Amino acid sequence: MPLERFMEHRKHIKEIASETYKKIMKDGKKAEDHLEELEKKLEDCTLEGPFQGQQKNFCKPVTYLQPFATNINVTKDEKFERARREIGKLPECLKPNGAEDLMHFGDEIIQGLNQAQAYLKVPAVRTTAHWEIQGAGSINLNVGPGSCLWISCPIEYFNTVDSMLNQRGGSWTKSAVWPLVKDLRTKGIFVEVYEQMAGDMVYVGFGTPHWVQSVGFADNISWNIVVPTVNQLATAALIHDYHMSEPRPENVANWKPPIMPLEYMIWNMVIKRKEMDGEMKRAVKSMLMRSLANAAAEEAYAIVKTCPIVNLADVPDVPAVARCYPCDRVLFNYLPVHQEGYIICFQCYFKRDEEKLVHVVQRYEMKYLVELFDSVIIN
Ligand SMILES: [Zn+2]
């Protein structure tokens, strides 16, 4: 739906809601009648598409469902100039893709991760419980005019919340989840509930599950930050594994792999000689070890299958961060190229026994990766 259409609709419902408010304030005895009239007007202006209630979704067929414009990329376009100017006033550590952000080592800009996105809300729209992309932290600015209600619980309670969710058949990634504050508190989970007024900024710490409901008409701008600490890196690695270990459905289109290019980030941290303390080196080195073992296994497989291995420099148009075309997972050192010309991961390729690989593109020589690995010395 064009953004303009959504904005017109939002303006319209704001007008009819404030008319009703004025009527109720003037003649409170007929409040129910005025609300009924508002309900009718809302039903009449329901947007096309998924914005009309359906019986199968447990509501009256014509019920007005609030629309929510999400993930609008704050690009270099002129219309976002004000938003970009406001973001520019923030200290470097809070900016999208700031100088110290670990995403700097990821070789790409991912919308919403290290580039801001806007969320345009009407009252009562919800962002269900989630953690950010691979447990990154996030910054959220409320441009207003209305406020938003935030609920979150510290990462320390993640395991308890996760088991509660599993017991009830929910999933962080496959269903919309709205944990009730009283249920969490009964289990002894510390829950924070706070209102973000217009002009307020919320900083969500890494790995923190949170869920949000708009109170009024509000516009929010948000992005992720990946702070250069060992706890953030370990959280990103854990959540990466959590996603990868989830059962993968037959239809890969329903499976969303982790999108943060974690392997690129850790190798680039070593290539670009990022200063690291002992703890960080230990975490990075253990991640490098897994990556190296995986690369060695993939190289061995290509050799056994007599599939030619070609150098990255000899192949045109290989993206800076390569992903499998069918399933979208990030691939690092060995990039199998399908007979139809696209990059495919070994896991997707195994399922297609009749199909052939043209070659496997090698990003770095294994000898070079081993040297990099050895250069991380833990005292
Ligand atoms: Zn794949």
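Rules used throughout
- Residues numbered from 1 in each chain as written.
- Predicted model: local features only at pLDDT ≥ 70, side-chain atom pairs only at ≥ 80, totals over all residues.
- Heavy atoms only, no water.
- Helix = DSSP H or I, 4+ residues; strand = E, 2+ residues; numbered from the N terminus.
- Buried < 20%, exposed > 50% of the residue type's maximum accessible area, 1.4 Å probe, protein only.
- Areas by Shrake-Rupley, 256 points an atom, 1.4 Å probe, with all protein chains shown as cover.
- Lys, Arg positive; Asp, Glu negative; His and termini not counted.
- Charge placed at Lys NZ, Arg CZ, Asp CG, Glu CD.
- Pairing = 2+ DSSP bridges.
- Axes fitted to C-alpha atoms, helices over the stretch in contact; angles between N-to-C directions.
- UniProt positions renumbered as here; feature names shortened; annotations may be inferred.
- Expected span 1.5 Å × (residues − 1).
- Contact = heavy atoms within 4.5 Å.
- Phe/Tyr/Trp six-rings, centres within 6.5 Å; stacked < 30°, edge-to-face > 60°.
- Lys NZ or Arg CZ within 6 Å of the ring centre and 35° of its normal.
- Parallel < 35°, antiparallel > 145°, perpendicular 65-115°, else oblique.
- Nonpolar A, V, L, I, M, F, W, Y, C, P; charged D, E, K, R; others polar.
- Donors = N, O, S within 2.8 Å, 3.2 Å for Na, K, Ca; no water.
- Tetrahedral: all angles 85-135°; square planar, octahedral: opposite > 155°, others 65-115°.
- Core = buried A, V, L, I, M, F, W, Y, C linked by side-chain atoms within 4.5 Å.
- Domains from an automatic or database assignment.

Structural notes on the overall build of the protein chain
Point 1. Counting its secondary structure elements, the protein chain contains 10 helices and 14 strands.
Point 2. Overall size of the protein chain, expressed as C-alpha extent along the three principal axes, is 80 × 50 × 50 Å.
Point 3. Counting all 379 residues of the protein chain, 46% fall into the buried class.
Point 4. Accessible surface computed for the protein chain: about 20600 Å², of which carbon and sulfur atoms make up 54%.
Point 5. Positive and negative side-chain charges of the protein chain, numbering 44 and 49 respectively, have mean locations separated by a distance of 3 Å.

Topic: the sheet that holds strand β3 (residues 126-130)
Point 1. Pairing in this open sheet of 4 strands is antiparallel, and the strands run β3-β8-β5-β6 from one edge to the other. If you trace the sheet from one side to the other, it starts and ends with β3 and β6 (192-196), each paired once. Across the sheet, the axes of successive neighbouring strands diverge by a mean angle of 15 degrees, strand direction being ignored.
Point 2. In terms of strand pairing, β3 meets strand β8 (residues 210-214) through 3 bridges, oriented antiparallel. By the bridge assignment, His 130 is partnered in β8 with His 210.

Some details on the UniProt feature "domain: JmjC" (unreviewed entry) in the protein chain
Point 1. Feature annotation in UniProt assigns "domain: JmjC" (unreviewed entry) to the following positions: residues 79-242.
Point 2. For the annotated span residues 79-242, helix accounts for 23% and strand for 28% of the residues, and the straight-line distance between the end C-alpha atoms is 38 Å.

Re the UniProt feature "coiled-coil region" (unreviewed entry) in the protein chain
Point 1. UniProt's feature table lists "coiled-coil region" (unreviewed entry) at residues 21-48, given in the numbering used throughout.
Point 2. Structurally, residues 21-48 comprises 71% helix and 0% strand, and the distance from its first C-alpha atom to its last is 26 Å.

Regarding helix α2 (residues 31-44)
Point 1. For α2, which comprises 14 residues, the first-to-last C-alpha distance of 20 Å matches the rise-based estimate of 20 Å (1.5 Å per residue) to within 8%.
Point 2. Among the structural elements, α1 (3-26) are those in contact with the buried residues of α2.

Remarks on the packing of aromatic side chains
Point 1. Applying the stated criterion across every chain, the model contains 13 aromatic pairs.
Point 2. With 6.1 Å between their ring centres and 50 degrees between their planes, Phe 332 and Tyr 364 make a pair best called tilted. Here Phe 332, found in the loop between β12 (330-331) and β13 (334-338), pairs with Tyr 364, found in the loop between β14 (357-362) and α10 (366-375); they are 32 residues apart in sequence, far enough to count as distant.
Point 3. Phe 332 gets classed as buried once you look at its relative accessible area, which sits at 5%.
Point 4. Taken together, Tyr 264, Trp 267, Phe 332, Tyr 364 and Tyr 368 form an aromatic cluster joined through their ring pairs.
Point 5. Stacked on the ring of Trp 178, the Lys or Arg Arg 126 has its end atom at 3.9 Å from the ring centre.

Regarding the packing of helix α7 (residues 262-271) against α10
Point 1. Taken N-terminus to C-terminus, the directions of α7 and α10 make an angle of 70 degrees; their axes are 10 Å apart at the nearest point. The angle between α7 and α10 places the two elements in the roughly perpendicular class. From α7, Trp 267, Val 270 and Ile 271 reach across to α10, where they touch Tyr 368, Leu 369, Leu 372, Phe 373 and Ser 375.
Point 2. Taken together, the residues of the contact of α7 with α10 sort by class into 7 nonpolar, 1 polar and no charged.

Regarding the coordination of the zinc ion
Working reference: metal with six octahedral donors, ideal angles 90 or 180 degrees; metal with four tetrahedral donors, ideal angle 109.5 degrees.
Point 1. For the zinc ion, the full set of protein donor atoms is Cys 324 (SG), Cys 327 (SG), Cys 345 (SG) and Cys 348 (SG), at a range of 2.3 to 2.4 Å.
Point 2. Considering all 4 donor atoms around the zinc ion, the spread of angles at the metal, 105 to 115 degrees, places the coordination shape in the tetrahedral class.
Point 3. The sequence pattern describing where the donors of the zinc ion fall on their chain is C-x2-C-x17-C-x2-C. Taken together, the residues span a long stretch of sequence, with Cys 324 in the loop between β11 (322-323) and β12 and Cys 345 in the loop between β13 and α9 (346-350) at a distance of 21 residues.

Regarding unusual backbone geometry
Point 1. Pro 145 follows Gly 144 through a cis peptide bond whose omega is 5 degrees.
Point 2. With respect to the helices, strands and loops of the structure, Pro 145 is situated in strand β4 (residues 137-145).
Point 3. Look at Asn 71: it is not a glycine, yet its phi comes out positive at around 50 degrees.
Point 4. When you line up the elements, Asn 71 lands in strand β1 (residues 69-73).
Point 5. The phi dihedral of Asp 317 is positive, around 60 degrees, even though this residue is not glycine.
Point 6. Relative to the helices and strands, Asp 317 resides in the loop between β10 (309-311) and β11.
Point 7. The exposure class assigned to Asp 317 is exposed, which follows from its relative accessible area of 78%.

A word on the nonpolar core
Point 1. Met 260 and Val 284 are the most contacted members of the largest nonpolar core, which totals 55 residues.
Point 2. Ranked by residues supplied to this core, first place goes to helix α8 (residues 278-304) with 8 residues.
Point 3. Residue assignment places this core across two domains, with domain 2 (68-227) and domain 3 (231-375) each supplying three or more.
Point 4. If near-sequence neighbours (up to four positions away) are discounted, Val 284 is found in contact with Leu 233, Ile 266, Met 269, Val 270 and Met 276.
Point 5. One finds Phe 6, Leu 94, Ile 221 and Trp 223 within the second-largest nonpolar core, a separate group that totals 17 residues.

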